[in-house]
Amino acid sequence: MPRIALFAGGPGADAAWELVQSLAPVPGGDQVTPARAALGELALGLQSCEVCWVHAEDEPPPLSREVLLPWIERGGRLLLTQRATTLVTSLGLETDGPNDTGSRSWRRREEDPEVPELRGLAAFGPHPLFAGLGQGTYLWAPTEGERDIHATYARGRRPRWGAVVACERSYLHLNADRIVAWQYAVGSGGVLCIGAHVVPAAPDRRFRRQLAALLRNALVGDGIPHERYEQGSFVAATWPLPGRCAREDPNLVLPDRVSLDGPLPGLESPLHVASRALSDDAVTIAGRRVLVVGGEQRGVAEIWMHPYRVLQDLSVAVGGETPLIRDAQITPVVMQRHLVSRSRIVEEAVATALDHPIVFLDYRPEKVGRARGLRLATDLLLRWRVDLRRTWPYPAGAGGDLRYRLAADGRTMLVTDASGLPRAAFLTSDEGEWRIRPLHDQPALDVELRVALAAPFRLVVVGGSSRAELDAAIAALGRRGVVGLSAQRSRHEAQVQEQLVRLRSPDEPVNRAFEWAKLRLDSFFVETPGVGRSLVAGYAPTRPGWGDGRPGYAWYFARDACWTAFALLAAGDYASCRLILRFLGASQDVSGKVIHEYSTSGLAHYDAADATPLYLLLAGRYAAWTGDLAFLAERWTELERAYRYCLETDTDGDGLIENTGVGHGWIEMGPLSGAHVSLYLAAIWAAALAALAPVARGLGHATLADELGERAARAREQIATRFAIDGDFALGLLADGTPLRQRTALTAVPLLLGAIDSGHAPRWLDAIASPAFTTPWGVRLISRDDPSYSPAGHQTGTVWPLYTGWVSLAEYACHRGEQGFAHLMANARLPFARGQGSFAEALDGDVGTIAGVCPEQAWSAALLVSPLIEGLLGARPDALANRLTLAPHLPAQWQECEWRGLHVGHTTLDVRVMTAAERVVVRLRRTAGGRLDVTAAPAISPHGSVEVRVDDELLQPRLEVHQGCRHAHVSFELADEHEVEFVTGLQP
């Protein structure tokens, strides 16, 4: 049995002992036998233990090297924490111990009071110390005046003989210059040092479970080096020395040479857009493993093979001069530009593979001269930078020095770094003249490639997070060829268009915008080795001042994924939603909390309060659209853990989960923040409970289903009684119940989720449609008349297509169809307003220019799709009961609209809605799957009686009036093809 001994001193010794006693064995492992002794008794207690933890909050007495080292060499494992890490010198493991040691009272930083004070560890990659914790975790939330005890390496110093396990995490920042955890392999055993943030007696206990999990990995698991490290049974990544230079390495093994012949995806896409490229509007081309970002004028700005940047700032010279851009031809999968110089016109094309980290760059000279077909060589010069930058928050040079090798024939260049993990290969279709210049005092290369362009020339960039992935990508290129990979890319585009819902409205730009939105949403699915596959949030080139290593928001966000997944469900993309649910469940914190953001570099943050209930709501919505209980049964443990975590955050027992001590909701900081519980968060919680109840019942958890239903009812009651004030709704509540009365667009969320009664919303609905909130390009978060309004402020005035879509859905839910349509159309104009096919993150509240980080944002595309299906058509599925309700609201200027390929459970159908004076016709056709119970409830004339016929059979409808809008409900079984006719205005 593992015998663990704790030797601890100081005020935290008792709390450390409690942690040791709570340790559980690893699955399938033996029981744990703990023992405790004072620091001075260490030499006497070693012989009876296998693992020893020494925890010191003050300077510890020296250890006996003669006693400890033989014990470690025989297989003993030693954990040193806090000031105990200084013992590495008395053990003879280092000649110079930690140079940043001390104990001081914690003082909050005055310059940034809204930033949470959190501290933890960040690994360079997977390590057994962080099993179940991603690649790092927070351990400590310091409080004012608490002792900050530490013994670390900092200010450029590192352990000379120890391998660096983790540096410091400080909320969203990673301080790679402060080494907090390091390790030594000694014979059959080893030593692990953690010099800060292990605070067993911390007054703020929010990271107690994370600390316990880390200690479990160290004391019971494989977190401390031992003989199995050398047997290759698991990965134990460590931080390399920071990069300082780049050098040629003739020993690098170059990849196999493969054919680069074959055409790229063409411009045959029905979404092909021609642009005169008069401005540098954004261009994005993305695959599962690759991202190309740039602009119509600048061309390729960056290429990322997640999580590494393999190319930056590509420039092109033709005939010795910078060419003008004559035009750009853009589809979702390829960009083509004509580069014009005095001597030549060159056609440039850029495309990516779908599943592999491969980018193709083509250059073709146009024919010149009087003799037709004559091709004259011109000088083509390509220049770019390679730094193998890892995605935020890892700093530049984190991978160590760069190494490169150029093949003798000049057709292949390979670049790697000290870690041996990220690699990039640059392959050319013909010989060229290379000039590779290492940058001074930087781990980066400045690369020039000169070609005599008499015939088409191709540069192929291949990446990989490991050598195995790089070789697999090149093997795929050799096996399938450029033709095969291009055909796969074009075929996938067609499949997304055909297999998801297709819109046929009388407004062709709306139809095209809808198709662009579907393909843009598909482009945000990213797979990162070692992290997972899910939806990332947004794309953009790295911005000066924003922080290098951030290609927009090209990493995983839970709230973005959930709001986007609601649209994917409506469009019928069930497989993608399963990926999202699987990723969010698998990346849960040990507490059950769902991520806020998870960088493709491997670090997760859990600082949002809305992510976990949104995950639960997505599971309920997934069941409502698909009826797929089998998949949810597989994930039920994760879902129930998330639900139990949410219950913990209702500290006052009022039935509403809270922001205080949990994290931000929609508003992260600024003048609108500070609510103890926001209406936005409360509404999501109420909706999640209601949506999850039938899932629990369907899986046989009847008691839990009843509990969920009761909690949903109580949450709705709390919202109705505490947030509805003077005919409007509070933004949130303070801890004492005082309402925050600021009017915002966020009230749309409880309305579209049905968490508040629409009958109480006329004042808000009138206000949101007024010029104070609504612009031609969308909806502001707050009124232009609000004292906090700032037109470019991130959460104080900018127009977000997300808000615009939320408001549209809320207006449709409240049966204000014309208002809803006006806001829907603002989002439909997005992909043709600036970057072709782009859905921007945010727009200036006064002038409509791009104001956010990303010119391409996933939820902005999603919030066109959702209003067109769940708003305009009014589709409300209940696949668990085999039902579908349709409540269409066609605008006055449309006489008809058709939705083809709508999916509900196993049934697929087409719906066509036609309107005329006093007449609404709904035609339905089942195209696949079983029968479905359908309720048609269109908005009809408020005057006269109603006659309803289903396939010429007269039926008696049920009439309802909401907000002055009348609906006639009629239900029937969808067997094949049916026509439902509503005739209104008849005299009784």
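Structure first, text after, so check above.
**Q** Any chance you could explain the packing of helix 16 (residues 801-813) against helix 17 (residues 817-828) here in plain terms?
**A** Relative orientation and spacing of two packed helices are given, respectively, by the angle between their axes and the distance between those axes. The N-to-C vectors of helix 16 and helix 17 enclose an angle of 160°; their axes lie 8 Å apart at closest approach. Considering the angle they form, helix 16 stands roughly antiparallel to helix 17. Considering how the two elements wind past one another, helix 16 and helix 17 form a crossing that is left-handed. The residues of helix 17 that touch helix 16, namely those facing P801, T804, G805, V807, S808, E811 and Y812, are G817, Q819, G820, F821, H823, L824, A826 and N827. Considering only residue class, the contact of helix 16 with helix 17 consists of 6 nonpolar, 8 polar and 1 charged.

**Q** I keep staring at the sheet that holds strand 36 (residues 677-678) and nothing clicks. Help me out?
**A** Strand-to-strand pairing in sheets goes through backbone hydrogen bonds, with the strands running parallel or antiparallel. Read across the sheet, 3 strands follow the order 36-39-40 without closing on themselves; strand pairing throughout is antiparallel. Only two strands of the sheet have a single partner each, and these edge strands are strand 36 and strand 40 (739-740). As paired elements, strand 39 (residues 732-733) and strand 40 share 2 bridges and run antiparallel to each other. Directly across from L733, in strand 40, lies its bridge partner P739.

**Q** Would you take a moment to explain unusual backbone geometry for this structure?
**A** Negative phi values dominate among residues other than glycine, just as trans dominates among peptide bonds. Cis rather than trans, the peptide bond between H306 and P307 has omega equal to 5°. Here P307 shows up in the loop between strand 16 (299-305) and strand 17 (308-318). Cis geometry marks the peptide bond from W392 to P393, where omega comes out at 10°. Its location among the elements puts P393 in the loop between strand 23 (389-390) and strand 24 (402-406). Positive phi, close to 55°, is recorded for D441, a residue that is not glycine. Within the element layout of this structure, D441 appears in the loop between strand 27 (433-438) and strand 28 (445-453). Given the relative accessible area of 55%, D441 is considered exposed. Of note in this structure, H815 is not a glycine but carries a positive phi near 65°. Relative to the helices and strands, H815 resides in the loop between helix 16 and helix 17.

**Q** Looking at this structure, how should I read the packing of aromatic side chains?
**A** Between two aromatic rings, the relevant description is the distance of the centres plus the angle of the planes. Taken as a whole, this structure holds 29 aromatic pairs when the rule is applied. Ring geometry for Y138 and F207: centres 5.6 Å apart, planes at 50°, overall tilted. Separated by 69 residues along the polypeptide, Y138 in strand 7 (residues 136-140) and F207 in the loop between strand 11 (189-194) and helix 4 (208-219) bring together distant segments of the chain. This pair shows no difference in class: Y138 is buried, exactly as F207 is. Through successive ring pairs, a cluster of aromatic residues spans W563, F566, W666, Y680, W800, Y803, W806 and W859. Its end group placed over the ring of Y138, R169 keeps NZ or CZ at 4.5 Å from the ring centre. We note R621 situated over the ring of F566; from NZ or CZ to the ring centre the distance is 4.8 Å.

**Q** How do you make sense of helix 6 (residues 508-523) when you look at a structure like this?
**A** Residues lying three or four places apart along an α-helix face the same way, a consequence of the helix completing one turn every 3.6 residues. With 16 residues, helix 6 should reach 22 Å at 1.5 Å per residue; the first-to-last C-alpha distance of 23 Å fits that figure. Of all 16 residues making up helix 6, 13 are buried, and the element is well covered by its neighbours.

**Q** It is not clear to me how the pattern of salt bridges should be interpreted in this structure. Could you clarify?
**A** Close approach of charged atoms allows side chains of opposite charge to pair. Going through the model one piece at a time under the given rule, you end up with 54 salt bridges. With a closest N to O distance of 2.9 Å, R342 and E321 form a salt bridge. One end of the pair, R342, is in the loop between strand 19 (334-340) and strand 20 (345-352); the other, E321, is in the loop between strand 17 and strand 18 (324-330), with 21 residues separating them in the sequence. By relative accessible area, R342 is classed as exposed at 77%.

**Q** Would you explain the sheet that holds strand 13 (residues 273-275) in this entry?
**A** In space, the 10 strands of this open sheet follow the order 12-24-25-26-29-21-20-19-18-13, with mixed pairing throughout. In the strand order of this sheet, the two ends are held by strand 12 (246-248) and strand 13, each with one partner. Neighbour to neighbour, the strand axes of the sheet diverge by 15° on average, direction disregarded. By the bridge criterion, 6 bridges tie strand 26 (residues 423-428) to strand 29 (residues 457-464) in an arrangement that is antiparallel. Residue pairing for strand 29: T428 is matched across the bridge by L459. The strands touched by helix 5 (residues 467-499) within the sheet are strand 20, strand 21 (358-365), strand 25 (412-417), strand 26 and strand 29, with strand 29 carrying the most contacts at an inclination of about 135°.

Reading guide: rules and limits
Residues numbered from 1 in each chain as written. Predicted model: local features only at pLDDT ≥ 70, side-chain atom pairs only at ≥ 80, totals over all residues. Heavy atoms only, no water. Axes fitted to C-alpha atoms, helices over the stretch in contact; angles between N-to-C directions. Helix = DSSP H or I, 4+ residues; strand = E, 2+ residues; numbered from the N terminus. Parallel < 35°, antiparallel > 145°, perpendicular 65-115°, else oblique. Left-handed = near helix turned anticlockwise from the far one by under 90°. Contact = heavy atoms within 4.5 Å. Nonpolar A, V, L, I, M, F, W, Y, C, P; charged D, E, K, R; others polar. Pairing = 2+ DSSP bridges. Buried < 20%, exposed > 50% of the residue type's maximum accessible area, 1.4 Å probe, protein only. Phe/Tyr/Trp six-rings, centres within 6.5 Å; stacked < 30°, edge-to-face > 60°. Lys NZ or Arg CZ within 6 Å of the ring centre and 35° of its normal. Expected span 1.5 Å × (residues − 1). Salt bridge = Lys/Arg side-chain N within 4 Å of Asp/Glu carboxyl O.

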